[in-house]
Amino acid sequence: MVKRINILCVCLGFSALANAQYRNSTQVGSADCPGYSVTSVQTRGNSLFSRLSLRGQPCNQYGKDVKDLLLEVDYENSRLRVKISDADQKHWEVPVSMWSPDKSYRPKTSMGQLLEFAYQKDPFSFQVKRKDTGEVLFDTSKHRLVFEDTYLELTSSLPENANIYGLGEVVDTFRRDPTNTTQAMWGRDVADPVRENLYGTHPFYIELRNGKAHGVQILNSYGMDVILEKNSVAYKAIGGVLDFSFYPGSDAYEVINQYTATVGRPHQIPYWSLGFHQCRYGYVDIDEVEGVVKNYSLAKIPLETMWTDIEYMDMFKDFTLDPINYPLERVQKFVSELHDNGQQYVLIIDPAIQRNESYATWTEGVKQDVFIKNPDGSIYIGQVWPGYTAFPDWFAPNTQQWWTSQIKNFMDDVAIDGLWIDMNEPASFCVGSCGSNRTGIPPYPWEDPNYKPDIPQTFPEPPYAIHNAYGNLSVKTVSTEAVHHGGLTEYQVHNLYGHMEAIATRKSLLSVNPNKRPFLLGRSTFAGSGAHEGHWTGDNWSTWEQLRYSISGVLSFQMFGIPYVGADICGFNGNTTEELCLRWMQLGSLYPFSRNHNGKGNIAQEAYVWPSVAEASRKALHTRYEILPYLYTQFQHAHETGHPVWRPLAFEFPNDQEMLNNDLQFLVGPGILASPVLAEGATTVDAKFPEGIWYDYYNWSPINGTAKRTLSAPLDGNLPLHIRGGHIIPTQEPAITIAQSRENPFSLLVALDEQGNAEGGLYLDDGQSIHVGQQFSKIFYRATSRGVQARGHFGYRSKALLKNITILGLKAQPNEVRVDGRAISPNQIFYHAEKRTLIIAQLSASMNRPLRVTF
């Protein structure tokens, strides 16, 4: 019978490994624990089910060992899933409703043909292998499994000096240190320290190995450490189950495709959200906000969207307006004028609701029973900006309806264009509960030198202390003992809070405008949040270090399926300098989400404040708005496949050792290389160019890779950009708003590779509708040294025409140029022999049908 099971397992991609190869295995971290043995195995279709039993005396190192476990292994469309849970199913698991999987995803090769799950019976361990090469991607054979009621540990071996990317949210280098990384997974309200846990939790990594890529994810909402050291990756969680997903790739983009097919594809963004945004914490009244918009217009700097922080609220209460500084009639008039100018308005909200019997949001919430509770059943009270507050419980059955009604009522009064969710870890200024019956607005802890917690703190800490940088898990957040609907505790579901608020808020915005793409930006994220919202990297600092780290932050969230992301341009905390703000505006002009945001009490840093920054901003945003068609197309690719909008050079060139640690340069889409200035006083950039040919975006001069070049980058110049040979970049004549830009003529920038070929694409729709049906255009461009063709689906009727085509790298001047078989005037043809560049001008060709240009 044993032989029969083993033979069957091999056929399905499962295999039992001979015990002999493990006899000399060493035990790391859990050496005193007995581990588990396989006591039964069943297979059904593409699934394996096994029972695991404790092998000996329990070690009980951080809790009580669970005697019997269940192992489930499934080959699904997008992943190999390996789940180890307690046989009695008492440990809470993240429900599948947290994700929005792409059910239409159909891989070219089945997961069972790509990966093999192999296991050892006694002691139990497992391996995940590539079937084509036999390479072991995940291997627990040198480490004992620990599964206790309050502690889980599973460790896999890694190659020496492994190339690991991900494991966030964190301010760190893009490639994680494989010898000394401890990443705590516990969302917290903190101002962007380096190498500590931040707002979101993403225990997902991609490893590059021998030019290929694979991904590993664990689904668990409890607090956790993921530790890279001693050629291993260790998962140490304080509860839940061990629910792993393996994504075989084989390149990083296919890993992200598989990952986002599992957790949820990035949402389809509104076109206007790609414009430039302005905010600050500290705009005291609507006059100041109006003045900022006016100053941008006077400076002729594009401003697509104006934002306001918590100042607009009445005593910082959600869904209210300050009647003195932001009176309703003035705000309504302001929003109407923005819309008339083709601009938008976004406001902040926090989850914390002030305890106030004259505040309808509170009283209706109490009536609907929507708030998190204390263990005794009373409403849990914390402290946030409005004073003593309660927190919505997203698990409670009435919360969605209540939340939607608050948003709808507010948007009926003020026609805002999106919402910005802050403080949703959730943040609270008390250490644990503030006390059950607290009302009013106490001083903030940092303003009161005599501040002490209001009640003695008795909440227990788990036996294993994860490396939460605040120490106690209840510091600056809701107490771990707080109770959600169904008896769940904050201890179990803390890391889901921001993600669930995003789900609820997106549903609410869709209820208000069912056919309009919602705009939502959130701080605390989880696996799958990109299906509902974008993200900004939090309360960063006005330092050169944080400018540099912002690149790896944006790159990491591309991996996590949240491509619409950016850092606060010029920094949020502290005072920027003129030079730092200038360089940050240059880099930030390429952020997927491009917003200048500043903290209260700091010097002003709007793009128009310094003449030098204003001029640099005009140049940088001119380029951003010029490439908007290309950028919007990359976001559509992300929506369909998860492919990142910003691309790490490591992922694009995994066989190039020079690129594996390079997080100071990046690609926008596959075709534009950015080499920003990131050091104070620098007027040049030492740039590395991967293989291929690269053309300067501004003067079209070529650089042949692989090369290292010192690029000129004076303060009054442009951010160095290069077009990658083999790619076609669709552009559009820029204007001061996206609405105006979209009416302007298109152009094509064709960068031929060494063989004289190039490809590209363009996605067009109305930029705001959810259900576009066939009302979109998906155009594929292909070029050779003999011409350019456009084909595809032409369902969107664009009024804008194709004006110019520029071909870079064309070795000889053509005798004539024909457009759809018709020879065009020589006056429309310009060839630069020295630059090997052909410009075909004044075409006036339709964007609504195929095109054929020959020369």
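Fair warning: this is a prediction, and the values are worked out from it, not measured in the lab.

Procedures and definitions
- Residues numbered from 1 in each chain as written.
- Predicted model: local features only at pLDDT ≥ 70, side-chain atom pairs only at ≥ 80, totals over all residues.
- Heavy atoms only, no water.
- Core = buried A, V, L, I, M, F, W, Y, C linked by side-chain atoms within 4.5 Å.
- Buried < 20%, exposed > 50% of the residue type's maximum accessible area, 1.4 Å probe, protein only.
- Contact = heavy atoms within 4.5 Å.
- Pairing = 2+ DSSP bridges.
- Helix = DSSP H or I, 4+ residues; strand = E, 2+ residues; numbered from the N terminus.
- Salt bridge = Lys/Arg side-chain N within 4 Å of Asp/Glu carboxyl O.
- Expected span 1.5 Å × (residues − 1).
- Arc of directions from axis to C-beta.
- Polar contact = N/O pair within 3.5 Å; in protein donor to acceptor, adjacent residues only side chain to side chain.
- 1 Å grid on protein atoms, 1.4 Å probe; cavity = no way out; pocket = protein on both sides within 12 Å on 5 of 7 lines; lining within 4 Å.
- Points joined across faces, edges and corners; volume = space filled by probe spheres on them.
- Domains from an automatic or database assignment.
- UniProt positions renumbered as here; feature names shortened; annotations may be inferred.
- Disulfide = S-S within 2.5 Å.
- Axes fitted to C-alpha atoms, helices over the stretch in contact; angles between N-to-C directions.
- Parallel < 35°, antiparallel > 145°, perpendicular 65-115°, else oblique.
- Nonpolar A, V, L, I, M, F, W, Y, C, P; charged D, E, K, R; others polar.

Let us look at the nonpolar core. In terms of nonpolar packing, the biggest core is built from 175 residues, with M306, Y345, W646 and F651 touching the most fellow members. In this structure Y345 touches T305, M306, W307, T308, Y326, V331, F334, V335, L338, I416, D417 and G418, once residues within four positions along its chain are discounted. Of all hydrophobic cores here, the second largest spans 44 residues; its members include Y36, L54, L80 and L242.

Read from one edge to the other, the open sheet built from six strands follows the order β33-β34-β35-β40-β37-β38, with strand pairing classed as antiparallel. For this open sheet the edge positions go to β33 (646-647) and β38 (702-704), each flanked by a neighbour on one side alone. Pairing analysis gives three bridges linking strand β35 (residues 672-674) to strand β40 (residues 721-724), with the strands arranged antiparallel. Note on β40: the bridge partner recorded for L673 is H722.

Turning next to the pattern of salt bridges. Evaluated as defined, the whole model comprises 36 salt bridges. Here E135 and R130 are joined by a salt bridge, their closest N and O atoms 4.0 Å apart. Across the pair, exposure class does not vary: E135 and R130 are buried alike. With a closest N to O distance of 3.4 Å, D314 and K317 form a salt bridge. Residue classification places D314 among the partly exposed residues on the basis of a relative accessible area of 25%.

Further remarks concern helix α4 (residues 286-298). Since one α-helical turn is 3.6 residues long, residues separated by three or four positions face the same way. In a regular helix each residue adds 1.5 Å, so 13 residues correspond to 18 Å; α4 covers 18 Å between its end C-alpha atoms and thus fits that length. Restricting attention to buried positions, one finds in α4 the residues I286, V289, V292, V293 and Y296. Angularly, the buried residues of α4 cover 120° about the axis, an arc narrow enough to put them on a single face. Exposed and facing more than 90 degrees away from the buried side of α4 are K294 and L298. Considering only its buried residues, α4 is in contact with β19 (276-278), β20 (305-308) and α5 (328-340). Sitting at the head of α4, D285 places a side-chain oxygen 3.2 Å from the backbone nitrogen of D287. Immediately downstream of α4, the backbone of K300 shows phi near 55°, a positive value.

As a further point, take empty space enclosed by the protein. Summed over all chains, the structure comprises six cavities of 30 Å³ or more. Approximately 160 Å³ is the volume found for the largest cavity. Every residue lining the largest cavity is counted, 17 residues in all, and those nearest its centre are V170, V171, T537, Y549 and G553. Sorting the residues of the lining of the largest cavity by element identifies β11 (163-168) and α10 (544-559) as the ones contributing at least two each.

Let's shift gears to helix α13 (residues 628-641). Under the 1.5 Å per step criterion, the end-to-end length of α13 is 20 Å for 14 residues, consistent within 8% with the ideal 20 Å. Judged by how many residues are buried, α13 sits mostly within the fold: 10 of 14 residues are covered. Among the residues of α13, those classed as buried are L628, P629, Y630, L631, Y632, T633, Q634, F635, Q636 and A638. The positive-phi residue at the C-terminal boundary of α13 is G642, with phi of around 80°.

With that settled, consider the pairing of strand β50 (residues 837-840). The alternating pattern of β50 places T837 and I839 on one face and L838 and I840 on the opposite face, and all of these are buried. The sheet contact formed by strand β46 (residues 801-808) and β50 spans four bridges and is antiparallel. The residue of β50 that forms the bridge with I805 is I840.

Next up on the list: unusual backbone geometry. Residue S250 is bonded to the preceding G249 through a cis peptide linkage, with omega at 25°. With phi around 50°, K230 is a residue other than glycine that occupies positive phi space. Inspection of the secondary structure puts K230 in the loop between β16 (224-229) and β17 (232-237). The class for K230 is exposed, based on a relative accessible area of 67%. Of note, the phi angle at W700 is positive, near 70°, even though the residue is not glycine.

Segmentation of the chain into domains returns domain 1 (30-263), domain 2 (267-303 + 542-633) and domain 3 (661-854). Distance from the C-alpha centre of domain 1 to the C-alpha centre of domain 3: 42 Å.

Let's shift gears to the UniProt feature "domain: Glycoside hydrolase family 31 N-terminal" (unreviewed entry) in the chain. This chain's UniProt record puts "domain: Glycoside hydrolase family 31 N-terminal" (unreviewed entry) on residues 95-224. Taken end to end, residues 95-224 is 3% helix and 42% strand, and its two terminal C-alpha atoms sit 18 Å from one another.

This part covers the pairing of β40. Of the two faces of β40, the one holding L721 and I723 and the one holding H722 and R724 are both buried throughout. Bridge count for strand β37 (residues 693-696) against β40 is three bridges, and the pairing is antiparallel. Bridge pairing links Y695 to I723 in β40.

Turning to the state of the cysteines, a few remarks are in order. Counted under the stated rule, the structure contains three disulfides. Here C570 engages in a disulfide with C581; their sulfurs sit 2.1 Å apart. Since a negative S-S torsion denotes a left-handed disulfide, the C570-C581 link at about 80° is right-handed. Within this pair, whereas C570 is found in the loop between β31 (568-569) and α11 (578-588), its partner C581 is found in helix α11, the two being separated by 11 residues in sequence. Note on accessibility: C570 and C581 belong to one class, buried.

Turning our attention to the packing of α10 against α11. Contact pair α10 / α11: the axes reach a minimum separation of 10 Å and the direction vectors enclose 5°. Considering the angle they form, α10 stands roughly parallel to α11. In contact with W544, Q546, L547, S550 and I551 of α10, α11 contributes E579, L580, R583, W584 and L587. Residues that form the contact of α10 with α11 fall into these classes: six nonpolar, two polar and two charged.

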